[in-house]
Amino acid sequence: MALNFSERDKQSLWHPYTHQFNVTGLPVIVSGKGAWLYDEHNNALLDGISSWWVTLFGHCQPEIVSAVFKQSTELEQVIFAGFSHPQAILLAERLIKLAGNSYSKVFFSDNGSTAVEVALKIALQYFQNQGIKNRTKIICLQNGYHGDTFGAMSVSERSIFTWAFRDLLFEVISIPAPLDIKTAKETISELEDMLKKEEIATFIYEPLLQGSSGMQMYPTEPLNFLLEELQKHKVICIADEVFTGFFRTGTFLASHQLEHQPDIICLSKALTGGFLPLGATLVTPAIYEAFHQPEKRKMLFHGHSFTANPLACAAANATISLLQQPNTLTTLKNYCSKQQDFAQDLGKLKNVNQARHLGMVVAAEIENARSDYTSHLAAQISTTFLQKNIILRPLGNTLYLLPPLFITPADHKWLHETCLDVLSNL
Ligand code: PMP
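Residues numbered from 1 in each chain as written. Predicted model: local features only at pLDDT ≥ 70, side-chain atom pairs only at ≥ 80, totals over all residues. Heavy atoms only, no water.

A. Looking closely at the pattern of salt bridges. What the rule picks out here adds up to 10 salt bridges. Note that Glu 229 and Lys 232 form a salt bridge whose closest N and O atoms lie 3.0 Å from each other. In this pair, Glu 229 and Lys 232 are both assigned in helix α7 (residues 220-232), three residues apart and thus about one turn of the helix distant. Residue classification places Glu 229 among the buried positions, given a relative accessible area of 15%. Classification of Lys 232 by relative accessible area gives exposed; the value is 52%. Lys 348 is the salt-bridge partner of Asp 345, the closest N and O atoms lying 3.5 Å from each other. (Salt bridge = Lys/Arg side-chain N within 4 Å of Asp/Glu carboxyl O. Helix = DSSP H or I, 4+ residues; strand = E, 2+ residues; numbered from the N terminus. Buried < 20%, exposed > 50% of the residue type's maximum accessible area, 1.4 Å probe, protein only.)

Shown next as structure tokens:
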């Protein structure tokens, strides 16, 4: 599509997480194919962050294109209260199987934030439905991020993202990320009184990888310890796998690397291969049972106009079919090992600290860069990479790479080499 927009043409837009003061020169992306996006002047840009972590295989992945097209000729939307449809039925069954069969129900919503809102409401109402009135406290991890709606903001780190609403967010107990077993044990002893008094309703966490706070990775053992102790005290554990789900950490769920499984799982982002917005909240039979009650007030009063949209569900089903093809896991293994090698190369650079790797994600801190989200250096680094035809968007001073899975080996090599070159000349 040959298009040419002037800066004036673009003035009606308000972009997310973008300082609106004097916004000019934002590239207009008109098409995508595989790991590449193409702007209005036909410049090819390699998508190094999978378009905010949603694109799983690649842009316009043909199998998903066909599935969405076919679905749009059959059924594009139907009210999901009182009606069902084949794509949602199939998708729920497949998600339950993939999650490990400990879950019995899937509640669909629109995105990551709503998947989290639904999880929090279910966890809190679960106790209310049973007449347990004092279980109302919520635990979350320091530096966590769970979305931009009010509940999701409340359980996220208080930061520049949330300061304008700080007096309106509900209170939570924020505990340190379980970086080691000592920290996890100290946390549990600090919570002991509340645990004994049965005041804690739920614990929400990004398993093994805290994405938005700067791709912070933490080990399995201390999280396992926390989960075991909290579940012993009947705390509902919510794994926010919005980012970590769909093999981002190397396994289908990050939780699959743990011995102790969550009671509720939130999914979104790569769920549709990155084609359409969709959220899913999976719950265990025990949780659902508390809502399967004759009294009407015990039902879950939640639903969005586009709940389980058939086009989004069709994209998700096509995504799962692609994941289940034998070659996909081999591709994933090769991809992850290239990312791991790249982390090692990054670690050798003088101006880079804490190069790290988990599954598909590589991250590192750039020295001397200010660490907050609005850092000018982050913007400058993005611009420098854009000039090299690569889309990267550091989180403060954290640079991370997560290109689409089906990036060609040659493009993957080029991306790594160009990154090393740019960083060593920063
Ligand atoms: N949870 C996590 C762990 C996330 O990383 C995000 C988005 N980055 C969200 C929730 C919110 O998802 P959405 O932007 O789709 O609302």
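B. Fine view of the site of the ligand. Around the ligand, 13 residues are found, and the nearest of them are Gly 112, Ser 113, His 146, Asp 240 and Lys 269. Gly 112 places a main-chain nitrogen or oxygen 2.9 Å from an oxygen atom of the ligand. Here Ser 113 contributes a side-chain N or O atom positioned 2.6 Å from an oxygen atom of the ligand. Taken by itself the ligand offers 390 Å² of open surface, and the protein chains cover 83% of this. Here the shell around the ligand is composed, by residue class, of four nonpolar, six polar and three charged. (Near = heavy atom within 4 Å. Polar contact = N/O pair within 3.5 Å; in protein donor to acceptor, adjacent residues only side chain to side chain. Areas by Shrake-Rupley, 256 points an atom, 1.4 Å probe, with all protein chains shown as cover. Nonpolar A, V, L, I, M, F, W, Y, C, P; charged D, E, K, R; others polar.)

C. A look at the nonpolar core. In terms of nonpolar packing, the biggest core is built from 96 residues, with Leu 95, Phe 108, Phe 203 and Phe 246 touching the most fellow members. Top element by residues in this core is helix α9 (residues 310-323). It accounts for eight residues. Every residue in contact with Phe 246, bar those within four places of it in the chain, is listed here: Leu 56, Leu 95, Phe 252, Leu 267, Ala 270, Leu 271, Thr 319, Ile 320 and Leu 323. Within the second largest apolar cluster, 25 residues are counted, among which are Val 116, Ala 119, Cys 140 and Ile 238. (Core = buried A, V, L, I, M, F, W, Y, C linked by side-chain atoms within 4.5 Å. Contact = heavy atoms within 4.5 Å.)

D. How the structure looks around the sheet that holds strand β6 (residues 173-175). Within the open sheet, the seven strands sit side by side as β4-β12-β11-β10-β7-β5-β6. Their pairing is mixed. If you trace the sheet from one side to the other, it starts and ends with β4 (105-109) and β6, each paired once. Adjacent strand axes in the sheet meet at a mean angle of 20 degrees when their direction is disregarded. Pairing analysis gives five bridges linking β4 to strand β12 (residues 279-283), with the strands arranged antiparallel. Within β12, the residue paired with Ser 109 across the bridge is Gly 279. (Pairing = 2+ DSSP bridges. Axes fitted to C-alpha atoms, helices over the stretch in contact; angles between N-to-C directions.)

In short, geometric facts, not functional conclusions.
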